Amino acid sequence: MSEPQHHIKLAEESLQKQTTTLNLGPTHPATHGVFQNILEIDGERVLEAVPTIGYIHRAFEKIAERRPYYQITPLTDRLNYCSSPINNMGWHMTIEKLLGIKTPKRVDYLRIIIMELSRIADHLVCNSVIGVDTGALTVFTYVFQLREMIYEVFEEVCGSRLTTNIGRVGGFERNFTEASFTKIHHLLTLLPKGLKEFEILLNRNRIFMDRCIGAGPISAERALNYGFTGPNLRAAGVDYDVRVASPYCSYEEFDFKIPVGTNGDVYDRYLVREGEMWQSVSIIRQALEKVEALEKEFPDQKHVFYAPEADHFHLPPKEDVYTKMEALIFHFKMIMGEIDALPGEVYHSVEGGNGEVGYYLISDGGRTPYRLHFRRPCFIYYQAYPEMIKDGLLSDAIITLSSLNVIAGELDA
Amino acid sequence: MGRPVQYNTKIKIVKMPDGYTGEGFFATSFDKVVGLARANSLWPLPFATSCCGIEFMATMGSHYDLGRFGAERMGFTPRQCDMLLVAGTIAKKMAPILRQVYLQMAEPRWVIAIGACASTGGIFDSYPVLQGIDQVIPVDVYVPGCPPRPEGIIDGILKLQDLVHNESLRRRGSEQYKGLLESYNIQ
Amino acid sequence: MTNEFIKQKLTDKFGEQITNWEEPYGMLTFTVPAAQNLKVMQHLYDEETLRFRFLTDLTAVHFPDRKGEELSVVYHLHNLVDNARIRMKIFVPIETPDVFTASQLFSAANWMERETYDFFGVNFVGHPNLIRILNVDEMDYFPMRKEYPMEDPTRIDKDDEMFGR
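Reading guide: rules and limits
- Residues numbered from 1 in each chain as written.
- Chains lettered and ligands numbered in written order.
- Predicted model: local features only at pLDDT ≥ 70, side-chain atom pairs only at ≥ 80, totals over all residues.
- Heavy atoms only, no water.
- Helix = DSSP H or I, 4+ residues; strand = E, 2+ residues; numbered from the N terminus.
- Buried < 20%, exposed > 50% of the residue type's maximum accessible area, 1.4 Å probe, protein only.
- Contact = heavy atoms within 4.5 Å.
- Areas by Shrake-Rupley, 256 points an atom, 1.4 Å probe, with all protein chains shown as cover.
- Lys, Arg positive; Asp, Glu negative; His and termini not counted.
- Charge placed at Lys NZ, Arg CZ, Asp CG, Glu CD.
- Buried area = accessible area lost by both parts, 1.4 Å probe.
- Salt bridge = Lys/Arg side-chain N within 4 Å of Asp/Glu carboxyl O.
- Pairing = 2+ DSSP bridges.
- Right-handed = clockwise from strand over helix to strand, strands pointing away.
- Expected span 1.5 Å × (residues − 1).
- Axes fitted to C-alpha atoms, helices over the stretch in contact; angles between N-to-C directions.
- Parallel < 35°, antiparallel > 145°, perpendicular 65-115°, else oblique.
- Nonpolar A, V, L, I, M, F, W, Y, C, P; charged D, E, K, R; others polar.

**A word on the overall build of chain C**
A count of helical and extended segments in chain C gives three helices and seven strands. Start at the N end of chain C and walk to the C end: the helices and strands fall as α-β-β-α-β-β-β-β-α-β. Projecting the C-alpha coordinates of chain C onto the three principal axes gives extents of approximately 60 × 35 × 30 Å. Across the 165 residues in chain C, those meeting the buried criterion constitute 52%. For chain C, contacts bridging at least 24 residues in sequence account for 50% of all contacts bridging at least 6. In the structure as shown, chain C presents an accessible area of about 7,600 Å², 50% of it carried by carbon and sulfur atoms. Counting 18 positive and 28 negative side-chain charges, chain C places the centres of these two groups 5 Å from one another.

**So, the interface of chain A and chain B**
Opposite the 36 residues of chain A that make contact, chain B presents 29 residues. Between chain A and chain B, roughly 3,000 Å² of surface is buried when both sides are summed, and carbon and sulfur atoms account for 67% of that area. In terms of surface lost to chain B, no three residues of chain A exceed A:Tyr55, A:Arg58 and A:Arg161, which account for 18% of the buried area on that side. On the surface where chain A and chain B come into contact, there are two salt bridges. Between A:Glu155 and B:Arg149 there is a salt bridge, and its shortest N-O distance comes to 2.2 Å.

**Examining the pairing of strand β4 (residues 83-87) of chain B**
Residue and element names in this part refer to chain B. Within β4, five of the five residues are buried, leaving the element largely enclosed by the surrounding structure. A two-sided burial pattern is seen for β4, the buried positions comprising Met-83, Leu-85 and Ala-87 on one face and Leu-84 and Val-86 on the other. Examined bridge by bridge, strand β3 (residues 44-48) and β4 share five bridges and lie parallel to one another. Paired with Pro-44 across the two strands is Met-83, which belongs to β4. In this fold, the crossover linking β3 to β4 by way of helix α2 (residues 51-60) has left-handed handedness. Where β4 meets strand β5 (residues 110-114), five bridges bridge the pair, whose relative direction is parallel. Its bridge partner lying in β5, Leu-84 is registered against Val-111. With helix α3 (residues 95-104) bridging β4 and the parallel β5, this β-α-β connection has right-handed handedness.

**A word on helix α3 (residues 109-120) of chain C**
Residue and element names in this part refer to chain C. Compared with the 16 Å implied by 1.5 Å per residue over 12 residues, the 16 Å span of α3 between its first and last C-alpha is a close match. Within α3, 10 of the 12 residues are buried, which leaves the element mostly enclosed by the surrounding structure. When α3 is considered as a whole, its buried residues turn out to be Ala-109, Trp-111, Met-112, Glu-113, Arg-114, Glu-115, Thr-116, Asp-118, Phe-119 and Phe-120. Directly beyond the C-terminal end of α3, a positive phi value near 75° is found at Gly-121.

**Observations concerning the packing of α2(B) against helix α5 (residues 150-165) of chain B**
Residue and element names in this part refer to chain B. The N-to-C vectors of α2 and α5 enclose an angle of 75°; their axes lie 9 Å apart at closest approach. For the element pair α2 / α5, the angle class is roughly perpendicular. Contact residues: α2 offers Glu-55, Phe-56, Ala-58 and Thr-59, while α5 offers Pro-150, Ile-153 and Ile-154. Across the contact of α2 with α5, the residue classes tally to five nonpolar, one polar and one charged.

As far as function goes, none of this settles anything; it's purely spatial.
Structure below.
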């Protein structure tokens, strides 16, 4: 007798298996990006997850080795594109550290305004996306109105919305206009209202709390071992913040609190980001006051928007380029990347939207970096994801991913 | 905070196609009716990978609201959608997946490449990046910008609506279209 | 915690093995023999007065001109309690780029080492899952090494007789 013919070919021992293998991603809408996770689930419970990344790997570090220093700023935009001004300024500060440029106080304050605005924009997206994933789409539509207003400020300052390419080595490419200050002041009156409404909708919302509390927890010890930084580490209860630990850009003059959580679950991460937004609003207020006080005391400070020491690394103003020969030549040299930097080895880090964004730069004195490595917080903490969602529900895995705020551009570089 | 309900009375209705009308009947060519219906209810399938995806979120958001143009419902499943919006860099690792998604879509299907990366590879002239998605799937509309503003994306979608509106019903069965698909090795 | 203190502590323990003491831009930098990397890191981790228990960054650099020590693996360690940062380097030849893995000590090192392997081909001995992470699995070279081009080799539209790429 011949063997009976089976039409369905089953994998070896698949009938004995009690669990299901589920492929989540890379184009799954709930992952908000391109992450693939092959999950082993028992009913609704996740037993194991194997993440695959690299779906938008773009070889930033290789490109950075072939580009003059100026042309790397647009690359940093595209790392964490939800808060690109922070990345831009981190990169500029790295070059300033390499060249030994000290920026004037007014530049520092203006930078802080922009950085904190982009932190708010970043956290708004993350928190509203947690809302979307728990079924509260309304917050998303409200919050995007606020975010558009922040983008309007960026547009006024640098001419671009999302990938800003804001600032230059030593400061900004041009001074802030009156309109940009007006817009920031206007935004500061709207932001607290918007944030308050946001909080009313979610913070003590029974459904939201039931979904989020206890989902995707991580202990402080494991978080540190996994190299967590930023809001995700603070939600686990460690008060590490680069702005305080190694202050840059005159952050030491500002008075702000670091919100921390206790359990490191989705709800704590949400609350920490919420708290940080309030702190950012307060920092922006202080920075505006400081700028005004500075201008009152020294009226000529009004026109300071970059460090004079950075003249050899700063594009001349457009009016000069069009009317003066030297400025045109210098502009050309600058754009073609004919300006060499000092040889040296420098690591600089800033507190980005997701944690410590680090720039490890080795310069051999040429027009391009010899080696530039980005410390990308997302890449480092996303590896804890399988451990965090283990033994949780599948729906918890989704909100854990959105609460970690993993940005594909930063993850894959 | 109370929000009084306001009704939008400035609703634009599409123009009636040319035809013969009389008492109780209206006669026009089938092409025009189908084109009209298709163009104004394009279901988008967002294939958002990076920065342009965030701008696409803004386009779908309350401020710009793509829903005004009949693209309210995001499909998220290729089998129900008409319009594939590729927003962001497509790496070579991602290219087969993009192709698979395109193959899963039912005819008629249209593709918009949003942003410089999807159109040409953009600033990423590097080894892991696909230099434009038109190497793996046919594209109908390219939207420039890095990333394009939401207005730009909306403009691209309006351009596509024009294309859809005026597309001949025979196009999808034509030899030329088959040749186009064959050049991409799609049967 | 000063750089001198860390230097003193390390010299007490490892003596002459640690070389190239530098302080570029204030960060203590030193070179450790490749075989000793784990021992030094473990000491920095365990010693109660040092407590470098946070791995900030791990990457590699390729120096084609340094014969016998072409690949350099760079660790950035952070003491979060006293807020001190140090940079530790090891050099390995490109023919046998074997380095002991730090992934038992820091879970964070797991993916960072995979990335370093992916880009430079550094072989982390003892790593639980040393496979490519960002690039496609079929790739047969290590793209961040200096001799490989950045550009996409399949691109033809940018070829130009006069200007090249």
